[in-house]
Amino acid sequence: STRSNDATRLKVWIGHYAAPNPSQATISPPIYTGSATRSHLGVNHPVLARMICPTLALELYDSDPIEYVSQLADGRIEMIAAALPAILYAGDPPGKGFNKGDSTNGLFKGYLLER
């Protein structure tokens, strides 16, 4: 019960923590809306979707986020553990400057990991 109460208090602050520059702005639209539904999160949230997008699919996501989500939903893009998400890489937005030829450059330098 205590752990649940502590975690519940964190929900309202997640948007600040996940933002690239929390002193300037939180993530918009907000992550926590007070709703019990989670349908607005993950690939359905414009900021979170790019953060969890596999780096090899970033070009598609940046050019057409709706098509990216469509391909992800029907299995043409796989979100597997080996496909490292953009949030692990340096840049604002995360993964900016990702180089397919040197996938270790900037890896584990994402601002969320450094906090």
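Cut-offs used in this document
- Residues numbered from 1 in each chain as written.
- Predicted model: local features only at pLDDT ≥ 70, side-chain atom pairs only at ≥ 80, totals over all residues.
- Heavy atoms only, no water.
- Helix = DSSP H or I, 4+ residues; strand = E, 2+ residues; numbered from the N terminus.
- Buried < 20%, exposed > 50% of the residue type's maximum accessible area, 1.4 Å probe, protein only.
- Contact = heavy atoms within 4.5 Å.
- Areas by Shrake-Rupley, 256 points an atom, 1.4 Å probe, with all protein chains shown as cover.
- Phe/Tyr/Trp six-rings, centres within 6.5 Å; stacked < 30°, edge-to-face > 60°.
- Core = buried A, V, L, I, M, F, W, Y, C linked by side-chain atoms within 4.5 Å.
- Salt bridge = Lys/Arg side-chain N within 4 Å of Asp/Glu carboxyl O.
- Polar contact = N/O pair within 3.5 Å; in protein donor to acceptor, adjacent residues only side chain to side chain.
- Arc of directions from axis to C-beta.

Visitor: Where do I start with the overall build of the chain in this structure?
Guide: From N to C terminus, the chain includes 6 helices and 0 strands. The order of helices and strands in the chain, counted from the N terminus, is α-α-α-α-α-α. A burial count over the chain gives 28% of its 115 residues as buried. Considering only contacts within the chain whose residues lie at least 6 apart along the sequence, 41% involve residues at least 24 apart. Summed over its atoms, the accessible surface of the chain is roughly 7,400 Å², and 56% of this surface lies on carbon and sulfur atoms.

Visitor: What is the right way to read the packing of aromatic side chains from this model?
Guide: The description of an aromatic ring pair rests on the distance of the ring centres and on the angle between the ring planes. According to the stated counting rule, one finds 2 aromatic pairs in the structure shown. Ring centres 5.3 Å apart and planes at 85 degrees place the aromatic pair Tyr-61 and Tyr-68 in the edge-to-face group. Of the residues examined, Tyr-61 reaches a relative accessible area of 7% and is grouped as buried. Centre to centre, the rings of Tyr-89 and Phe-98 are 5.1 Å apart; their planes meet at 75 degrees, and the pair counts as edge-to-face.

Visitor: Just to check I follow, could you spell out the nonpolar core for this structure?
Guide: Burial of nonpolar side chains together is a common tendency in soluble globular proteins. The biggest cluster of nonpolar side chains holds 13 residues, and the ones touching the most others in it are Cys-53, Ala-57, Leu-58, Tyr-61, Tyr-68, Ile-77 and Tyr-89. If you list the elements that add at least two residues to this core, you get α4 (58–63) and α5 (65–73). Excluding residues within four positions of it along the chain, Ala-57 makes contact with Tyr-68 and Ile-77. Counting residues in hydrophobic clusters, the runner-up holds 8 residues, among them Ala-18, Ile-27, Leu-48 and Met-51.

Visitor: Sorry if this is basic, but what is going on with the pattern of salt bridges here?
Guide: Opposite charge on two side chains permits pairing when their charged atoms draw close. The tally for this structure, following the rule as stated, stands at 4 salt bridges. Note that Arg-50 and Asp-62 form a salt bridge whose closest N and O atoms lie 2.8 Å from each other. Of this pair, Arg-50 sits in helix α3 (residues 46–52) while Asp-62 sits in helix α4; the two residues are 12 residues apart in sequence, bridging distant segments of the chain. A salt bridge links Arg-76 to Glu-67, with the nearest nitrogen and oxygen atoms 3.5 Å apart. On the basis of relative accessible area, Arg-76 is assigned to the exposed category, the value being 51%. Several salt bridges converge on common partners, so that one network encompasses Glu-67, Asp-74 and Arg-76.

Visitor: Would you mind showing me how to read the environment of Asp-74 here?
Guide: Relative to the helices and strands, Asp-74 is located in the loop between α5 and α6 (111–114). Side chain to side chain, Asp-74 and Arg-76 meet in a polar contact 3.0 Å long.

Visitor: Even after reading the chapter, I still don't get α5, so can you show me in this structure?
Guide: Each α-helix turn comprises 3.6 residues. Residues three or four places apart therefore point the same way. Among all positions of α5, only Tyr-68, Gln-71 and Leu-72 are buried. Along the axis of α5, the buried positions cluster into a sector of 100 degrees, meaning they face one direction only. Away from its buried face by more than 90 degrees, α5 exposes Ile-66 and Ala-73. Along its buried surface, α5 packs onto α4. Once α5 finishes, Gly-75 follows within two positions and takes phi at roughly 90 degrees, a positive value.

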